[in-house]
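Residue strings, one per chain:
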4 protein chains.
Amino acid sequence: MGDKHAAILLISCPDQRGLVSSVTEFIFRHGGNIIDLEQHVDSDESQFFMRTEWDLAEFSIARGEIGERFKAEVASRLGMQWTLHFSDVIPRMAIYVSRYSHCLYDILARYQACDWQVEIPLVISNHPDLRTAAEGLGIDYHMSPVSPQTRSEQEQRQLALLQDYNIDFIVLARYMQVLSEDFIRHYPGKIINIHHSFLPAFPGARPYHSAHKRGVKLIGATSHYATADLDAGPIIEQDVVHVRHTDSVTDLVRKGQDLEKIVLSRAIWRHLQRQVLVFRNRTIVFG
Amino acid sequence: MGDKHAAILLISCPDQRGLVSSVTEFIFRHGGNIIDLEQHVDSDESQFFMRTEWDLAEFSIARGEIGERFKAEVASRLGMQWTLHFSDVIPRMAIYVSRYSHCLYDILARYQACDWQVEIPLVISNHPDLRTAAEGLGIDYHMSPVSPQTRSEQEQRQLALLQDYNIDFIVLARYMQVLSEDFIRHYPGKIINIHHSFLPAFPGARPYHSAHKRGVKLIGATSHYATADLDAGPIIEQDVVHVRHTDSVTDLVRKGQDLEKIVLSRAIWRHLQRQVLVFRNRTIVFG
Amino acid sequence: MGDKHAAILLISCPDQRGLVSSVTEFIFRHGGNIIDLEQHVDSDESQFFMRTEWDLAEFSIARGEIGERFKAEVASRLGMQWTLHFSDVIPRMAIYVSRYSHCLYDILARYQACDWQVEIPLVISNHPDLRTAAEGLGIDYHMSPVSPQTRSEQEQRQLALLQDYNIDFIVLARYMQVLSEDFIRHYPGKIINIHHSFLPAFPGARPYHSAHKRGVKLIGATSHYATADLDAGPIIEQDVVHVRHTDSVTDLVRKGQDLEKIVLSRAIWRHLQRQVLVFRNRTIVFG
Amino acid sequence: MGDKHAAILLISCPDQRGLVSSVTEFIFRHGGNIIDLEQHVDSDESQFFMRTEWDLAEFSIARGEIGERFKAEVASRLGMQWTLHFSDVIPRMAIYVSRYSHCLYDILARYQACDWQVEIPLVISNHPDLRTAAEGLGIDYHMSPVSPQTRSEQEQRQLALLQDYNIDFIVLARYMQVLSEDFIRHYPGKIINIHHSFLPAFPGARPYHSAHKRGVKLIGATSHYATADLDAGPIIEQDVVHVRHTDSVTDLVRKGQDLEKIVLSRAIWRHLQRQVLVFRNRTIVFG
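Keep in mind the model is a prediction, meaning the values are calculated, not measured.

Caption draft 1: Examining the domain arrangement of chain A more closely. Residue and element names in this part refer to chain A. Each assigned domain of chain A is listed with its residue range as follows: domain 1 (6-86) and domain 2 (92-285). For domain 1 and domain 2, the distance between their C-alpha centres works out to 31 Å. Listed as interface residues are 13 residues of domain 1 and, on the opposing side, nine residues of domain 2. Surface buried jointly by domain 1 and domain 2 totals about 900 Å² across both partners, of which 61% is contributed by carbon and sulfur atoms. Between Glu-45 and Arg-282 there is a salt bridge, with the nearest N and O atoms lying 3.6 Å from each other. Our count for the domain 1 to domain 2 interface comes out at four residue pairs in polar contact (both at pLDDT 80 or more). Secondary structure elements with two or more residues in the side of domain 1 that touches domain 2: strand 1 (6-14), strand 2 (33-42), strand 3 (47-55) and strand 4 (81-86). Grouping the constituent residues of the side of domain 1 that touches domain 2 by class yields six nonpolar, four polar and three charged.

Below, the structure is given as structure tokens:
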């Protein structure tokens, strides 16, 4: 996976006959060998979703023209919404962080071990604490302290930075500030957040305290795309761990942080593999 | 566990020095051999909890007097709230059920296999559907159809039945009616419910539909003691199972029902082992 | 799923270009609407696998001729191995059981609730204990007590019974006898067993005792197709539950039996959905 | 937990009456307030185990004399084996590592975030790769390349180093060399290893390849104390993650490494909390 030069198509459209056939025929006719294909029909919504990946080695259409040709030969006729990706194009990711280090360290450990095909040129933070960790790996660290008065101005500055660095998507690695609707609108389906509860339970602040107070026997973590509606965006990954009456809030935090970092990293990995489609505030996660 | 004739003490009191020492010294002095002992201190609340079980074989106090003696020698002085149980006293359980059979069948399968030390003399239902299953095992099945007009009257009839049958505790095995506050007050900490979500997410009706709509990646089941506050009582057991975008509501129901029956049966088992203490809407679940 | 009259194709062949395209084009050309399609390429083995399900409502080929036409138009040319199924054809299942009731009761509960599209006309057992449970649901119960001397003879009798009852597949619901290689050869990929450990750990007898002795922190259950090699057949489903030092062998059995019945029932469900393909002692489990 | 100055007693002895009573009476009599107490009786072996932690604030025996007094007043008479620890004594840990970084990075991230009460002065490796990561946190990194010819000599050098650094216990963070029986004998119950399978399945080399070949539906990780018998020591922690036919060996490695680091870190945490007792190749893990 990723070794080959492959093209990836993500498709969504109203369901009808002949969709898979049309797409696979297009790939086959032009000499592509399908490496992976997954389709899903949401029968309540009569909506069709598909992800397919094919080897470009003997594909007869030049890279730069695949999109146009797919549109002309298949997509327009069938009313498809689609995006085209190439497995050898390395996405550029920015990380937002505050003071908690566990998610950042987990991402950086993978980055350093070259586990992911990603470039991380930029960390943005409202605190200075984690500068050394980023800069030690050659990642620029920009301080952007936010107050209610300065938020709008800081966000403008951040948007400029993100553009300067050619950022494709953003990871909020336990970033403790709320981003404005306006900011989020610039990166639809491209801001991955981690929330420290199994949403929709315990949205907002201090979920471990709320979980302890409610006496739940499980705590969770949820990674989702940020939307204007706080902690209510489309969920990519969730997981839980069992807890007992013997666990204090401190214990919940300790156990929960292990979940947070793993769940967030799984979500990033799926995003990098172009496995995620969003439809009506839900995700289709292929693979 | 349960083979021996054992006494079980459940204790709760403000924390102070010497609590474990006083209780264990009492047991030791009178010839008891401790089979199991677990204690917990809620340090936020400075509250002490303990469960201990000891072999009665050579215990020098007669059964009928253990409570009095414990009170006189230990509990009064230390301000303990406590309950005393005997492992060879078989509790009597009533089941409430509507039309879903999976939880009832699961309980009856265990009953028939003698997995639990329990007597089940009575099933109460607002539907006739599951009569045969109960009566086939010699369990009386009482129809109690409930409408907003008749609820109060039916509940009075039910309370009389529960008393006639000497019922110790009640299991709501996917019973689809809401019990009144007044009814619940008759069985505090003695009505075990199963809710088909990981509470506090998706309380109330149709949680699988809500889960599907929200696009969660986990569904759950929660067993708790019923309180006046619907789906908000102290949680005994919870578990989850992973789901994907490919799962329809029907799939969630299918996967969820397996959870429901297992989670409910685990909660019943813990209740039967006298492993559960309730404090401020949370449970301490020993073992 | 299953409401519609649908055809299901399970395909396996050496990987090459145009496989998905050829199959979907065949379905599309004859008026079929694909409900579900999943494909997988084992790149180590260069082997292609596919499961597709399509609505027959407007399919232009008569049921009885679909196989022939698919062979002629697609399968022969591409060297495919394939099986064709219809979602409205109800398979007939036989259950083998000994004295443990939990798996049998779990299956019968689902049967009685009409959760599965299956017919269960026959239970075979080497013990009389569970006769009532089967016969209560109108299922014939055949005693077939087995000793080393009589095994061969009994298996011949069983094979005749299975044929008389037109049995499609067999479920060993904690059947405590070993079936001969010869017997198993009559039902390749059609005998589903449940083993009470996470295989390949603890094969053979008394896995809970072995697990306790080894001090593992997890116990498991594995459902697999029976092969001549005991407990080494292709695995369909596995799951585990955490255990602690406080759990005696009896506790492991209690916790494990809940796993066994759920894991076995999941495997049966997948088999009934025709979601399972076997290749080189491994399963491809679609869905 | 850990904020207070507390003493911790770990006790093991043949079961008899009055054990808990004697220990708690000793603590109470000398002014100690029990923070935590857990006991377990292995009824097959008639062996008693106990962990108790008490606040030293008003304890009347000086630290240096607690052991002697406990021995004289309680332990000798009752034939107890015991160890005494103090929560404010910070253990010193050495890490062995080869080339895989994920476990090391995970430990160092926690170290840097001060999540654990531990001192890590020393990393020993047979490869130079991870030197920077260690030295960046001020941890000495000693190269100790091992070949069959040099192993014995290198181990002698390592033992000297461990002594020089006053190391209390060792963590093998995916260290790919086998330690000699002689070496292990120097640190009984003090070498924590992580193995990348759910033991006892897939011991030895390349467990992910074996798991893939066997077609299991779960992969696991196991942390255990190293003993002379490879991968057969007492298990501290285990966990698993579900896998599918779509997962290649590379996918198993990716998913498995997340397990490995979390399972290892949980085991280290329990060791640091002095929650682990070893008896007959099994662990009692309190808490």
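Caption draft 2: Representation of helix 1 (residues 19-29) of chain B. Most of helix 1 of chain B sits out of view: eight of its 11 residues are buried. Those residues of helix 1 of chain B that fall on the buried side of the exposure criterion are B:Leu19, B:Val20, B:Ser21, B:Ser22, B:Val23, B:Thr24, B:Phe26 and B:Ile27. Contacts made by the buried residues of helix 1 of chain B are with strand 1 (6-14), strand 2 (33-42), strand 3 (47-55) and helix 2 (63-78) of chain B together with helix 1 (19-29) and strand 2 (33-42) of chain D. Directly beyond the C-terminal end of helix 1 of chain B, a positive phi value near 90° is found at B:Gly31.

Caption draft 3: Spotlight on the packing of helix 7 (residues 207-214) of chain C against helix 8 (residues 249-272) of chain C. Residue and element names in this part refer to chain C. Put simply, helix 7 and helix 8 touch, their axes get as near as 10 Å, and they point 125° apart. By the angle between their directions, the pair helix 7 and helix 8 is classed as oblique. Crossing angle aside, the handedness with which helix 7 passes helix 8 is right-handed. Where helix 7 abuts helix 8, its residues Tyr-208, His-209, Ala-211 and His-212 lie against Val-249, Leu-252, Val-253, Gly-256, Gln-257 and Glu-260. Each residue belonging to the contact of helix 7 with helix 8 can be placed in one class, and the counts come to five nonpolar, four polar and one charged.

Caption draft 4: Broad picture of the relation of the copies chain B and chain A. Once chain B has been moved 0.0 Å along the axis and rotated by 180°, it coincides with chain A to within an RMSD of 0.0 Å. Viewed as a symmetry operation, the transformation between the two copies matches a two-fold axis. By C-alpha distance to the rotation axis, the residue of chain B lying nearest is B:Ala201, at 2.3 Å. Interface overlap between copies is the fraction of interface residues in one copy that are interface residues in the other; for chain B against chain A it reaches 100%, indicating a shared surface.

Caption draft 5: The packing of helix 3 (residues 102-112) of chain B against helix 8 (residues 249-272) of chain B, seen in detail. Residue and element names in this part refer to chain B. Where helix 3 meets helix 8, the axes come as close as 9 Å, and the angle between the chain directions of the two elements is 45°. In terms of axis orientation, helix 3 runs oblique to helix 8. The interaxial crossing formed by helix 3 with helix 8 has right-handed handedness. Along the contact surface, helix 3 presents His-102, Cys-103, Asp-106, Ile-107 and Arg-110, while helix 8 presents Gln-257, Glu-260, Lys-261, Ile-262, Leu-264, Ser-265 and Ile-268.

Caption draft 6: Spotlight on the sheet that holds strand 8 (residues 169-172) of chain A. Residue and element names in this part refer to chain A. Spatially, seven strands are ordered 7-6-5-8-9-10-11 in an open sheet, and the strand pairing comes out mixed. At either end of the open sheet lies a strand with only one pairing partner, and these are strand 7 (140-143) and strand 11 (235-242). Across the sheet, the mean angle separating the axes of adjacent strands is 20° when strand polarity is ignored. By the bridge criterion, four bridges tie strand 9 (residues 191-195) to strand 10 (residues 218-225) in an arrangement that is antiparallel. Across the sheet, His-195 pairs through a bridge with Thr-222, a residue of strand 10. In the packing of helix 5 (residues 151-164) onto the sheet, contacts are made with strand 5 (92-97), strand 6 (119-125), strand 7 and strand 8, and the angle to strand 6 comes to roughly 170°.

Caption draft 7: Up close: the packing of aromatic side chains. Here the structure, examined in full by the defined rule, presents 38 aromatic pairs over all chains. Look at B:Phe198 and B:Phe202: their rings are 6.4 Å apart centre to centre, the planes differ by 65°, and that puts the pair in the edge-to-face class. By relative accessible area, B:Phe202 is classed as buried at 13%. Ring plane angle 55° and centroid distance 5.5 Å describe the contact between C:Trp54 and C:Phe59, whose orientation is recorded as tilted. With respect to class, C:Trp54 is no different from C:Phe59; both count as buried. Taking NZ or CZ as reference, D:Arg254 lies 3.4 Å from the ring centre of A:Trp269, over its face.

Rules of the game
- Residues numbered from 1 in each chain as written.
- Chains lettered and ligands numbered in written order.
- Predicted model: local features only at pLDDT ≥ 70, side-chain atom pairs only at ≥ 80, totals over all residues.
- Heavy atoms only, no water.
- Domains from an automatic or database assignment.
- Contact = heavy atoms within 4.5 Å.
- Buried area = accessible area lost by both parts, 1.4 Å probe.
- Salt bridge = Lys/Arg side-chain N within 4 Å of Asp/Glu carboxyl O.
- Polar contact = N/O pair within 3.5 Å; in protein donor to acceptor, adjacent residues only side chain to side chain.
- Helix = DSSP H or I, 4+ residues; strand = E, 2+ residues; numbered from the N terminus.
- Nonpolar A, V, L, I, M, F, W, Y, C, P; charged D, E, K, R; others polar.
- Buried < 20%, exposed > 50% of the residue type's maximum accessible area, 1.4 Å probe, protein only.
- Axes fitted to C-alpha atoms, helices over the stretch in contact; angles between N-to-C directions.
- Parallel < 35°, antiparallel > 145°, perpendicular 65-115°, else oblique.
- Left-handed = near helix turned anticlockwise from the far one by under 90°.
- Least-squares fit on C-alpha atoms with pLDDT ≥ 70 in both.
- Pairing = 2+ DSSP bridges.
- Phe/Tyr/Trp six-rings, centres within 6.5 Å; stacked < 30°, edge-to-face > 60°.
- Lys NZ or Arg CZ within 6 Å of the ring centre and 35° of its normal.

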